[in-house]
Amino acid sequence: MSPSLWARLRKLENSEDSGSNRDIDEKQPVEASALAVDVGPGELSFEEDTAGGLGRHLGVTSCTLLIVGRIIGTGIFSTPSSILSGVGSVGASLMLWVLGFVLSFCGLFIWLEFGTMYPRSGGEKVYLEAVYQRPKYLATVIFAANAILLGFTASGCIVFASNILVSAGQVATVWAERGIALGVIIFVTLLHGFTPRTGVFLMNSLTIFKVVILIFIVITGWVVLSGKTHIANPQANFINAFSGSSHSGGDYATATFKVLNAYAGWSNVNYVLNNVRNPVRTLKIAGPLGLGICAALYLLANIAYFSAATKAEIKSSGVTVAALFFKNVFGTVAERALSVFIALSALGNVITVTFAASRVNQELAKEGIPLPFGNKFWASNWPTGKSPIPGLIIHLIPSVVVILAPPTNVAYPFILDVEGYPAQIINFFIVVGLFWMRWKRPDIPRPFKVWWPLAVFYLAAAVFLMVAPFIPPTNGVGDTPPLPYYLYCLVGIGVMLVGVAYWAGWRMMLPKVFGYELVPRKETLEDGTVVTLFSHRKIQ
């Protein structure tokens, strides 16, 4: 990113709020055109939903970095080799990265329309509630089951641990990795919980670091392609680039999943809009800018990787493609240094994901969903009054379980697949909901409106990505043998069915068995947060 562009972004952010260096408790006005009808089964108004916490302290720069930091994790350093192995050619691999970019932008524009209609924290939770209002709370509870049970950040912690051990020259035993990973997730939880501004600063700093590393890789790739290094014939992979391409639809579907996973995070600001200054305007700037930065760096980084190694080397290296790139260009010492870079990139990703996930958990609790110890506690900003530590704890618990419980060789790839499949189902219903809202509620102001062919294209892709995992792969076993290749899809669907069962028990079965009805009420907590609570009224 050029210094002049960065300076303009910083000037834009500072101009939005001259008091950005002090605690911000006031709510800056949101454009009147952006205030749609109250949504959510808890019937919290816009002012009630955005009350409490640290206030609107995120500007254009922080939101752009929030997106970039979420997208750039460890995938771009390792995924290109597995994608090449799957589709068979450099040309097909690069085309999939372009396709992933196009699909991500289509999704971003859809989320921009929803996000500017309903500028409040929660992301998909808010949009599902706005569309699927009956049966009441069903969409909320299904989303909650997915967000809580699959809302962990274990893989990034494990990647940090393994790479730090490698860079230190230590043997990466299972329990050494798990111990470091556990320390990482606890550190991040405490960071965001007790020093939220420091957490945002560290998050932004690590994001800038990741961008600098990718820019370095891109520039190095240009030098390699110029022929001024010891790499022989750097253009070889780009001659007959589509030679050896796979003819299996299943291979392309699996590779597309991996590409989209590498792009995941373009909707990150939608989860934290209660903390964003001038949210509608900021979202419309930060979303396309953040995703555009990542897409350009991703495509150019892939070209750099393919310039420094042959197809056979990339497929059989057994290491991340970035490590192979550094080894071929700079030698083994640089390869070890890359382990530190990847570890810091993973840490930045964990910090970013945790920041957004805790806000989503808080929004779920504010709607009145029954949770252990009462949803009032989980919806609060206890004990600091500025950061949702209970929401961070909800995120911490499944992360710790996944770090400590399963064996790593099969479980971690399987868990990553399980995380992704329900998200595709949710995306499908959100796009369907977009067309439903266009038809049923054309009166709602839309500060941003996606071009409908892009939404249709994204809908078609969502259907394909829901069906394709059930197509038998070329090798017959998939990525997680000995587990069946389709098992992660069934487990993902099962998690959503758990939400259906939980909703049925809470809203229908228990009231019927014990003869009571649920009576909602609103309560304002000490930190200013407004939460929906339920009491039981005996039916005479």
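Read on for an overview of the structure. (Residues numbered from 1 in each chain as written. Predicted model: local features only at pLDDT ≥ 70, side-chain atom pairs only at ≥ 80, totals over all residues. Heavy atoms only, no water.)

### Thoughts on the overall build of the protein chain
In plain terms, the rule: In this description a helix means any DSSP run of H or I spanning at least four residues, a strand means any run of E spanning at least two, and both kinds are numbered starting from the N terminus. Between buried and exposed lies partly exposed: a residue is buried under 20% and exposed over 50% of the maximum accessible area for its type, with that area taken using a 1.4 Å probe on protein chains only. Any two residues whose heavy atoms approach within 4.5 Å are treated as being in contact. In these tables, accessible area is a Shrake-Rupley quantity obtained with a 1.4 Å probe, and a residue counts as shielded only by the protein chains included in the view.
Secondary structure assignment for the protein chain yields 20 helices and two strands. Residues counted as buried form 54% of the 540 residues belonging to the protein chain. Contacts in the protein chain between residues far apart in sequence, at least 24 positions, make up 79% of those at least 6 positions apart. When the accessible surface of the protein chain is summed, it comes to about 21900 Å², and 67% of that surface belongs to carbon and sulfur atoms.

### What about the environment of Gln 235?
Rule in force here: For the purposes of these results, a polar contact is taken to be a pair of N or O atoms within 3.5 Å, where, inside protein, one atom must be able to donate a hydrogen and its partner to accept one; residues adjacent in sequence count only when each atom of the pair is a side-chain atom.
The topology assignment puts Gln 235 in the loop between helix 10 (196-225) and helix 11 (249-263). When its relative accessible area of 36% is taken as the criterion, Gln 235 is described as partly exposed. Here the side chain of Gln 235 touches Leu 225 through a polar contact of 2.6 Å, landing on its backbone oxygen.

### Section: the pairing of strand 2 (residues 530-538)
Where we set the bar: Note: two strands are recorded as paired if DSSP finds a minimum of 2 bridges between them.
Where strand 1 (residues 516-524) lies against strand 2, nine bridges are found, and the strand directions are antiparallel. When the sheet's bridge partners are listed, Thr 524 is paired in strand 2 with Val 530. Counting the residues between successive antiparallel strands, the hairpin from strand 1 to strand 2 contains five residues, one of them, Gly 528, with a positive phi of roughly 95 degrees.

### Comments concerning the pattern of salt bridges
So the rule is basically this: Salt bridges are counted wherever a side-chain nitrogen of Lys or Arg sits within 4 Å of a carboxyl oxygen of Asp or Glu.
Enumeration according to the criterion identifies nine salt bridges in this entry. For Asp 443, the salt bridge goes to Arg 441, with nearest N and O atoms at 3.0 Å. Judged by relative accessible area, which is 53%, Asp 443 ranks as exposed. A salt bridge links Glu 523 to Arg 521, with the shortest nitrogen-to-oxygen separation between them at 3.9 Å. By relative accessible area, which is 24% here, Glu 523 ends up partly exposed. Look at Arg 521 and you get partly exposed, because its relative accessible area is 39%.

### Examining the environment of Pro 383
In this structure, Pro 383 sits in the loop between helix 16 (375-379) and helix 17 (389-404). By relative accessible area, Pro 383 is classed as partly exposed at 45%. As a C-alpha pair, Pro 383 and Gly 193 span 190 residues in sequence and 9.0 Å in three-dimensional space. Setting aside anything within four residues of it in sequence, one finds Pro 383 in contact with Phe 194 and Ile 389.

### Quick look at the nonpolar core
Note the threshold: To qualify as a nonpolar core, a set must consist of buried Ala, Val, Leu, Ile, Met, Phe, Trp, Tyr and Cys residues joined through side-chain atoms within 4.5 Å.
In terms of nonpolar packing, the biggest core is built from 138 residues, with Ile 110 and Ile 217 touching the most fellow members. With 14 residues, the single largest contributor to this core is helix 5 (residues 90-117). With residues up to four places along the chain from it excluded, the contact list for Ile 110 reads Ile 430, Val 431, Leu 434, Val 450, Ala 455 and Tyr 458. Counting residues in each nonpolar core, the second largest holds seven residues, with Trp 378, Ala 379, Leu 525 and Leu 533 among its members.

### Some details on helix 19 (residues 452-467)
Cut-off, in case you're wondering: What a helix is expected to span follows from its residue count: subtract one and scale by 1.5 Å. Think of it as the arc spanned by the lines of direction from the helix axis to the C-beta atoms.
In a regular helix each residue adds 1.5 Å, so 16 residues correspond to 22 Å; helix 19 covers 23 Å between its end C-alpha atoms and thus fits that length. If you check which residues of helix 19 are buried, you get Ala 455, Tyr 458, Ala 461, Ala 462, Leu 465 and Met 466. Buried residues along helix 19 cover an arc of 135 degrees about the axis, so they all sit on one side.

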